[in-house]
Amino acid sequence: MAEDNENDQENGNDDNGGPGQGVGVVTKTAPKTKRPSLYKVLLLNDDYTPQEFVVWLLQAVFKKDAEDAVRIMMHVHQSGIGVCGVYTYEIAETKVAQVMELSRRNQHPLQCTMERE
Ligand code: TYC
């Protein structure tokens, strides 16, 4: 009964209702959940990677529609760096690896990195 349960707390109730009458109030502790840290995936500008390749990549890897892909590409082109998306650690890491591999395979110098938000 009450004595056997780690979640029981002192509560001022009389647990002993007499013979065969064990009465207990169980107070459960709320389970603790933690939100995962989030990471920005960043694309860096360079002078050689074709704009069309960057737009294609933003659609293929980051699931952007054509309009968003062009907007993000132009932002990176003009300001030097830009956010492609925000993800949990392992998803961000996978996106970065996909960008680096696709760039390497197509012989573009495009660079991609991640940073904790
Ligand atoms: N600056 C490149 C060009 O003019 C285009 C480009 C945009 C390259 C974004 C990389 O992350 C990048 N061809």
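Check the entry above for the structure.
Remember, it's a predicted structure, so these values are computed and weren't measured experimentally.

**Q** Any details on the site of the ligand? Residues and values, ideally.
**A** The ligand sits among Leu-43, Leu-44, Asn-45, Asp-46, Thr-49, Gln-51, Val-54, Met-73, Val-76, His-77 and Leu-110. Take Leu-44: an N or O atom from its main chain is 2.8 Å from an oxygen atom of the ligand. Between the ligand and Thr-49 there is a distance of 2.9 Å, counted from a nitrogen atom to a backbone nitrogen or oxygen. Protein contacts shield 89% of the accessible area of the ligand, which totals 340 Å² for the unbound molecule. Looking at the shell around the ligand, the elements that each hand over two or more residues are β1 (38–44), α1 (51–60) and α2 (66–79). Ranked by residues supplied to the shell around the ligand, first place goes to α2 with three residues. Its residues assigned to classes, the shell around the ligand shows six nonpolar, four polar and one charged.

**Q** I'd like to hear about the nonpolar core, residue by residue, with values.
**A** Considering soluble globular proteins, one finds that nonpolar side chains tend to be buried as a cluster. Counting residues in hydrophobic clusters, the biggest one holds 22 residues, and the most contacted among them are Val-41, Leu-43, Leu-57, Leu-58, Phe-62, Val-99 and Leu-110. If one sorts the elements of this core by residue count, α1 sits on top with five residues. In this structure Leu-110 touches Leu-43, Leu-44, Asp-46, Thr-49, Phe-53, Val-54, Leu-57, Val-99, Met-100 and Ser-103, once residues within four positions along its chain are discounted.

**Q** Go over the packing of α1 against helix α3 (residues 89–105) with me, naming the residues and quoting the values.
**A** The N-to-C vectors of α1 and α3 enclose an angle of 145 degrees; their axes lie 11 Å apart at closest approach. Pair α1 / α3 crosses with right-handed handedness. On α3, the residues that touch Phe-53, Trp-56 and Leu-57 of α1 are Val-99, Leu-102 and Ser-103. For the contact of α1 with α3, the class distribution of residues is five nonpolar, one polar and no charged.

**Q** Describe the packing of α1 against α2, with residues and values.
**A** One way to put it is that α1 packs onto α2 with a least axis distance of 9 Å and a crossing angle of 130 degrees. The angle between α1 and α2 places the two elements in the oblique class. Read as a crossing pair, α1 and α2 show a hand that is right-handed. On the side of α1, the interface is formed by Gln-51, Val-54, Val-55, Leu-58 and Gln-59, while α2 contributes Ala-66, Ala-69, Val-70, Ile-72, Met-73, Met-74 and His-77.

**Q** Help me get a handle on the sheet that holds strand β2 (residues 81–88), residues and values and all.
**A** Reading across the sheet, the three strands line up as β2-β1-β3 and stay open at both edges, with antiparallel pairing between neighbours. The open sheet has two edge strands, β2 and β3 (111–116), and neither has a second partner. Strand-to-strand twist in this sheet, taken as the mean axis angle between neighbours without regard to direction, amounts to 30 degrees. Pairing analysis gives seven bridges linking β1 to β2, with the strands arranged antiparallel.

**Q** If you had to explain unusual backbone geometry to someone new, which residues and values would you point to?
**A** A positive phi angle, close to 55 degrees, is found at Lys-63, a residue other than glycine. Looking at the element boundaries, Lys-63 is found in the loop between α1 and α2.

About the cut-offs
Residues numbered from 1 in each chain as written. Predicted model: local features only at pLDDT ≥ 70, side-chain atom pairs only at ≥ 80, totals over all residues. Heavy atoms only, no water. Near = heavy atom within 4 Å. Polar contact = N/O pair within 3.5 Å; in protein donor to acceptor, adjacent residues only side chain to side chain. Areas by Shrake-Rupley, 256 points an atom, 1.4 Å probe, with all protein chains shown as cover. Helix = DSSP H or I, 4+ residues; strand = E, 2+ residues; numbered from the N terminus. Nonpolar A, V, L, I, M, F, W, Y, C, P; charged D, E, K, R; others polar. Core = buried A, V, L, I, M, F, W, Y, C linked by side-chain atoms within 4.5 Å. Buried < 20%, exposed > 50% of the residue type's maximum accessible area, 1.4 Å probe, protein only. Contact = heavy atoms within 4.5 Å. Axes fitted to C-alpha atoms, helices over the stretch in contact; angles between N-to-C directions. Left-handed = near helix turned anticlockwise from the far one by under 90°. Parallel < 35°, antiparallel > 145°, perpendicular 65-115°, else oblique. Pairing = 2+ DSSP bridges.

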